[in-house]
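# Geometric and topological summary
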Amino acid sequence: MTEDRECTDGGRRIAEVAARLFARNGFQGVSMAALAREAGVSKAAIFHHFPSKEALYYYVIREACRETTEFLQGVHGEDGPADLALREFARYHMGHLFEHAQVGQLVLRELLEGESGRIRTLAEGVYGENFQRLVGLIRSGQEAGLFASDHDPALVAVVLVGAQVFFFQAREMIAHTPGVGFAEDPDGFAEGMIRLLLEGLRPR
């Protein structure tokens, strides 16, 4: 994968166009020739920044994860209580999904249609570190007595992230579901979800 220091403004521009095409057409549905046409550059210019389509693909997703990495590093490194940090993460993650909607759709498409090797690379090389940071935050809350210790912190992390991803992906359907009043309120959903988790996690 291209090192960050080597990715110039031209490389970032190519990555922005690639994110849009990958989200719309999937990994297999994007050719380097089509990307070059869309970005207004030559194929040689693309390969100057990225040695392969796979390297470009992972760069696009890793860049979208960079802000989340920095956020988790910040809240996990603070001295504040883990329950407040988890609430901050829930609000942040929901906003991040909508801010980077193209990449979110790309990842969901990959999970549904992707090749197992790429899915494994995403899990191990892109999302794994951030997931472990989130698990560590939940575990620290358990150790501090803020959360019940008999819950698997990895399961809690999956429930939190999974619920938010589902809301992001299915919000249009949710908006037409009778009795649902939070479809147009992502922040409200995030707050309600984390409140539900925290109240369920607190020791009796």
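Going by the structure above, here's the rest.
Residues numbered from 1 in each chain as written. Predicted model: local features only at pLDDT ≥ 70, side-chain atom pairs only at ≥ 80, totals over all residues. Heavy atoms only, no water.

Here we come to the overall build of the protein. For the protein, the helix and strand inventory stands at 9 helices and 0 strands. Helices (α) and strands (β) of the protein occur, in sequence order from the N terminus, as α-α-α-α-α-α-α-α-α. When its C-alpha atoms are laid out on the principal axes, the protein stretches across 60 × 40 × 30 Å. Relative to its 204 residues, the protein shows a buried fraction of 42%. A sequence separation of at least 24 residues applies to 72% of the contacts in the protein between residues at least 6 apart. (Helix = DSSP H or I, 4+ residues; strand = E, 2+ residues; numbered from the N terminus. Buried < 20%, exposed > 50% of the residue type's maximum accessible area, 1.4 Å probe, protein only. Contact = heavy atoms within 4.5 Å.)

As a further point, take the pattern of salt bridges. Between side chains of opposite charge, pairing is possible as soon as their charged atoms come close. Following the criterion strictly, the structure yields 6 salt bridges and no others. Between Arg87 and Glu191 there is a salt bridge, with the nearest N and O atoms lying 3.1 Å from each other. In this pair, Arg87 sits in helix 5 (residues 82-99) while Glu191 sits in helix 9 (residues 186-201), placing the two residues 104 residues apart along the sequence. Here the salt bridges share partners, and the residues they tie into one network are Arg87, Arg91 and Glu191. (Salt bridge = Lys/Arg side-chain N within 4 Å of Asp/Glu carboxyl O.)

The subject of this paragraph is the layout of surface pockets. The volume enclosed by the largest pocket comes to roughly 760 Å³. Lining the largest pocket are 29 residues, and of these His93, Val107, Tyr127, Val161 and Val165 lie nearest its centre. Looking at the lining of the largest pocket, the elements that each hand over two or more residues are helix 4 (53-77), helix 5, helix 6 (101-113), helix 7 (116-143) and helix 8 (153-175). Residue classes in the lining of the largest pocket are distributed as 22 nonpolar, 7 polar and no charged. (1 Å grid on protein atoms, 1.4 Å probe; cavity = no way out; pocket = protein on both sides within 12 Å on 5 of 7 lines; lining within 4 Å. Points joined across faces, edges and corners; volume = space filled by probe spheres on them. Nonpolar A, V, L, I, M, F, W, Y, C, P; charged D, E, K, R; others polar.)

What follows deals with the side chain of Thr69. Here Thr69 shows up in helix 4. What Thr69 contacts, discounting residues up to four positions off in sequence, is Asn130 and Arg133.

Attention shifts here to the packing of helix 1 (residues 9-25) against helix 2 (residues 32-39). The N-to-C vectors of helix 1 and helix 2 enclose an angle of 120°; their axes lie 10 Å apart at closest approach. Judged on the interaxial angle alone, helix 2 and helix 1 are oblique. Note that helix 1 runs across helix 2; the crossing there is right-handed. When helix 1 is examined against helix 2, the residues Arg13, Ile14, Val17, Ala18, Arg20 and Leu21 are found in contact with a partner set consisting of Ala34, Leu35, Glu38 and Ala39. A breakdown of the residues in the contact of helix 1 with helix 2 according to their chemical character gives 7 nonpolar, no polar and 3 charged. (Axes fitted to C-alpha atoms, helices over the stretch in contact; angles between N-to-C directions. Parallel < 35°, antiparallel > 145°, perpendicular 65-115°, else oblique. Left-handed = near helix turned anticlockwise from the far one by under 90°.)

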